[in-house]
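Each chain, written out:
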Amino acid sequence: MNDYRRSMDTKIVLLGPPGSGKGTQAEKMEDELGLVRLSTGDILREAVRNETELGREAKGFMDKGQLVPNDLVIDLMKEKISHLDDGYILDGFPRTVEQAEALESIAEIDHVINLEVDDEELVNRLTKRRTCPNCNAVYHLIYKPPKKEGVCDRCGGKLYQRSDDSEETVRNRLKVYRENTYPLIEYYKKKGVLHNIDGKGDIKEIFENIRELL
Ligand code: AP5
C-alpha cells in the first residue's frame, strides 16, 4: 500500500457500468486518500437543479438514460480539470472514445479502474439506490442503508431517488454503456493503465483492492 502523499499525485479514471460502484468508491477515495473527485453525473445533475443553460440542454438526455452530447461534456470537463493541480479521480468521464482522446490531450492518466458487475446486480443496486443532493453521498436501501431513514449520514441532507433509476431507464443506460463506453476497456488496456477490479462483494474490500494498486 502506498503512502498518502503519493496517492495525492495520482490521476485516476473510474470506469464501469451504471451502478458498478464508481460513486461509492470515489467517495471513499476522496475521504480516505484525500483525492479530489470530479463526477460528471453530479456536475450535470447540479446544472439541471439550478436550471442553467447546460442543465436545460442535458436534462432530456439524462432523463432517457442517454449520454449528453460529447461537445457539451468535453468542454465542461476540460474547464473543470484545468483548475486541478494534483491527483484526482474522474468518475463518469470519459465515457466515449472521443472523450478519452480529448482527456489525453490535457492530462496523463496513471490508472483506469474498471469495476466489473453483472447486469442483474446492477439493476437491483440502482432501483434501490438513494442519493444525497447536497454532498452526493450514495446509499442503498438494503446493502448500505443510512443510519436514519431518508437522511444523509454525512451532511444531514434529505435523500432522494434519482429520476434515471427506474428499471426501464436503468436498462437503457446499460445498453448505452455497452455501445459507447465498453470500448474504452480495450482503449485503456492498449495504453497499459487498465486494472479490472471485481465490483461485487463488500464495499470496504473493494476499496482495499483499489488502494493496493495505487
Ligand atoms: P452518472 O451519475 O455518472 O451515472 P452512471 O455512470 O450511470 O453511474 P451511477 O452513478 O448510476 O452508478 P455508480 O457506478 O456511481 O454506482 P454507485 O456508487 O452510485 O451519470 C448519469 C447521467 O449523466 C448519464 O446517464 C448521462 O446522461 C450523463 N453523463 C454523465 N457522465 C457523462 C459523460 N461523460 N458523457 C455524457 N453523458 C454523461 O452505486 C450504485 C448503488 O449500488 C448504490 O445504491 C450503492 O450504495 C450500491 N453499491 C455500491 N457498491 C456496492 C457493493 N459493493 N455491494 C452492494 N451495493 C453496492
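Residues numbered from 1 in each chain as written. Predicted model: local features only at pLDDT ≥ 70, side-chain atom pairs only at ≥ 80, totals over all residues. Heavy atoms only, no water.

### A few points about the pairing of strand E1 (residues 11-15)
Remark: a regular strand shows side chains that alternate across the two faces of the sheet. Among the 5 residues of E1, 5 are classified as buried, and the element is accordingly described as predominantly covered. Residues Lys-11, Val-13 and Leu-15 of E1 are buried on one face, and the alternating residues Ile-12 and Leu-14, pointing to the opposite face, are buried as well. As judged from the 4 bridges shared by E1 and strand E3 (residues 88-91), these two strands associate in the parallel manner. Across the sheet, residue Val-13 finds its bridge partner in E3, namely Leu-90. Pairing geometry for E1 and strand E4 (residues 111-116), over 4 bridges, is parallel. From the neighbouring strand, Val-13 faces E4, where its bridge partner is Val-112. (Buried < 20%, exposed > 50% of the residue type's maximum accessible area, 1.4 Å probe, protein only. Helix = DSSP H or I, 4+ residues; strand = E, 2+ residues; numbered from the N terminus. Pairing = 2+ DSSP bridges.)

### Details of the site of the ligand
The local shell around the ligand holds 35 residues, among which Thr-24, Gln-66, Arg-95, Arg-129 and Arg-173 are the closest. Between Thr-24 and the ligand, the recorded distance is 2.6 Å, taken from a side-chain N or O atom to an oxygen atom. Within the contact set of the ligand, an oxygen atom lies 2.9 Å away from a side-chain nitrogen or oxygen of Arg-45. When contributions to the shell around the ligand are tallied by element, the ones reaching two or more residues are helix H2 (22-33), helix H3 (40-49), helix H7 (119-127), strand E6 (138-140) and helix H10 (203-213). (Near = heavy atom within 4 Å. Polar contact = N/O pair within 3.5 Å; in protein donor to acceptor, adjacent residues only side chain to side chain.)

### Points about the packing of helix H5 (residues 70-82) against helix H6 (residues 97-104)
H6 packs onto H5 with a crossing angle of 25° between their chain directions and a minimal axis gap of 10 Å. Taken together, the axes of H5 and H6 are roughly parallel relative to one another. Pair H5 / H6 crosses with right-handed handedness. Side by side, H5 and H6 meet where Asn-70, Val-73, Ile-74, Lys-78 and Ile-81 of the first sit next to Glu-98, Gln-99, Ala-102 and Leu-103 of the second. (Axes fitted to C-alpha atoms, helices over the stretch in contact; angles between N-to-C directions. Parallel < 35°, antiparallel > 145°, perpendicular 65-115°, else oblique. Left-handed = near helix turned anticlockwise from the far one by under 90°. Contact = heavy atoms within 4.5 Å.)

### Things to note about the side chain of Thr-131
Here Thr-131 shows up in strand E5 (residues 129-131). For Thr-131, a relative accessible area of 5% corresponds to the buried category.

### Focus on the environment of Leu-44
Relative to the helices and strands, Leu-44 resides in helix H3. Taking the C-alpha atoms as reference points, Leu-44 and Leu-141, 97 residues apart in sequence, are found 24 Å from one another. Residues within four places of Leu-44 in sequence aside, it is in contact with Leu-54, Ala-58, Met-62, Val-68 and Leu-76.

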